[in-house]
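# Observations on the three-dimensional arrangement
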Amino acid sequence: NDAPAWRSLAGAYQADGQTDAAIGAYLRYVALRPQDQSGLLGAASLLELRARRTQAELTKAQTLAAQYTTPAGASAVQSLKLAPALTHSLQQALAQPYTTRVQTLQGQLSSDYLQATAVRQKLVGIDPKNAPYQFALAQDAAAGQQYPTAAKALKAYLDLEPNLDKATRKQL
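Computed from a prediction, not measured in an experiment: that's the story for all the values here.

Where helix α6 (residues 131-143) meets helix α7 (residues 147-160), the closest approach of the two axes is 8 Å, and the angle between their N-to-C directions is 155°. On the basis of their axis angle, the class for α6 and α7 is roughly antiparallel. Where α6 crosses over α7, the handedness of that crossing is left-handed. Mapping the contact onto sequence places Ala131, Gln134, Phe135, Leu137, Ala138, Ala141 and Ala142 in α6 and Tyr147, Thr149, Ala150, Ala153, Leu154, Ala156, Tyr157 and Leu160 in α7. Looking at the contact of α6 with α7, its residues break down into 13 nonpolar, two polar and no charged.

To continue, consider the environment of Glu57. Mapped onto the elements of the fold, Glu57 is located in helix α3 (residues 37-69). The sequence separation of Glu57 and Val102 amounts to 45 residues, and the corresponding C-alpha distance is 8.7 Å. Ignoring any residue separated from it by four or fewer positions in sequence, one finds Glu57 in contact with Arg101 and Leu105.

Looking now at the packing of helix α1 (residues 3-15) against helix α2 (residues 19-32). Remark: α1 packs on α2, axes separated minimally by 8 Å, with the N-to-C direction vectors making an angle of 160°. With respect to each other, α1 and α2 are oriented roughly antiparallel. Between α1 and α2 lies a crossing whose hand is left-handed. In contact with Ala3, Trp6, Arg7, Leu9, Ala10, Tyr13 and Gln14 of α1, α2 contributes Ala21, Ala22, Ala25, Tyr26, Arg28, Tyr29 and Leu32. Looking at side-chain class alone, the contact of α1 with α2 contains eleven nonpolar, one polar and two charged residues.

The next subject is the side chain of Thr117. Relative to the helices and strands, Thr117 resides in helix α5 (residues 88-126). Judged by relative accessible area, which is 1%, Thr117 ranks as buried. Among the polar contacts made by the side chain of Thr117, one reaches the main-chain carbonyl oxygen of Tyr113 at a distance of 2.7 Å. Of note is the side chain of Thr117, whose polar atom sits 3.4 Å from the backbone nitrogen of Ala141. Other than its neighbours up to four places away in sequence, Thr117 contacts Leu137, Asp140, Ala141, Gln146 and Thr149.

Once that is clear, we can look at the pattern of salt bridges. Following the criterion strictly, the structure yields seven salt bridges and no others. Between Arg7 and Asp36 there is a salt bridge; the shortest N-O distance is 3.9 Å. Taken together, the positions of Arg7 in helix α1 and Asp36 in the loop between α2 and α3 put the pair 29 residues apart, joining distant regions of the chain. Looking at Arg7, the relative accessible area reads 26%, which means it is partly exposed. The residue Glu48 makes a salt bridge to Arg120 at a minimum N-O spacing of 2.9 Å. Taken together, the residues Glu48 in helix α3 and Arg120 in helix α5 connect sequence positions 72 residues apart. The buried category is assigned to Glu48, whose relative accessible area is 13%. Salt bridges sharing partners connect three or more residues here, namely Asp20, Arg50 and Asp112.

Spanning 14 residues, α2 covers 20 Å between terminal C-alpha atoms, matching the ideal 20 Å at 1.5 Å per step. By the burial criterion, the buried members of α2 are Thr19, Ala22, Ile23, Ala25, Tyr26, Tyr29 and Val30. All buried residues of α2 project into a common sector of 165° when viewed along the axis, lining one side. Along α2, the residues that are exposed and aim more than 90 degrees away from the buried face are Asp20 and Ala31.

Definitions and cut-offs
Residues numbered from 1 in each chain as written. Predicted model: local features only at pLDDT ≥ 70, side-chain atom pairs only at ≥ 80, totals over all residues. Heavy atoms only, no water. Axes fitted to C-alpha atoms, helices over the stretch in contact; angles between N-to-C directions. Helix = DSSP H or I, 4+ residues; strand = E, 2+ residues; numbered from the N terminus. Parallel < 35°, antiparallel > 145°, perpendicular 65-115°, else oblique. Left-handed = near helix turned anticlockwise from the far one by under 90°. Contact = heavy atoms within 4.5 Å. Nonpolar A, V, L, I, M, F, W, Y, C, P; charged D, E, K, R; others polar. Buried < 20%, exposed > 50% of the residue type's maximum accessible area, 1.4 Å probe, protein only. Polar contact = N/O pair within 3.5 Å; in protein donor to acceptor, adjacent residues only side chain to side chain. Salt bridge = Lys/Arg side-chain N within 4 Å of Asp/Glu carboxyl O. Expected span 1.5 Å × (residues − 1). Arc of directions from axis to C-beta.

So, in structure tokens, the structure goes:
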């Protein structure tokens, strides 16, 4: 229950490139110090970093899975000499490790964005007039497919930034 120790540990893990461990330490820290904005920002930022990395892995895994599951373009299967003899169920069996990996990564991606959104909501609760907090919440919520939350945060952001140029407003 030593909050400063958890914060220090999070920083050490982060400096060492151990993102998962750093996230765990930050989450323990903010559980002990739920009003610490810098701790909340650290946790949210690392969750977003891990989500971006997971998204890159997911894209690769989806590409590999598609090589086995795309009807006419099963290039990995078609390149085999015995391809004409392969049945659909055998193609599915070959694709199984890749489709399982895709499902695992999709779950992790969703979880990271849900957690980041929850952390961002805490930040907005502490400082609702902070436009960057609202914008970051909108981004995380949209990435996590929490569209009502994203829309509400984006509206709050636009209300807090009345001098935003028209082109940017329209783009958002």
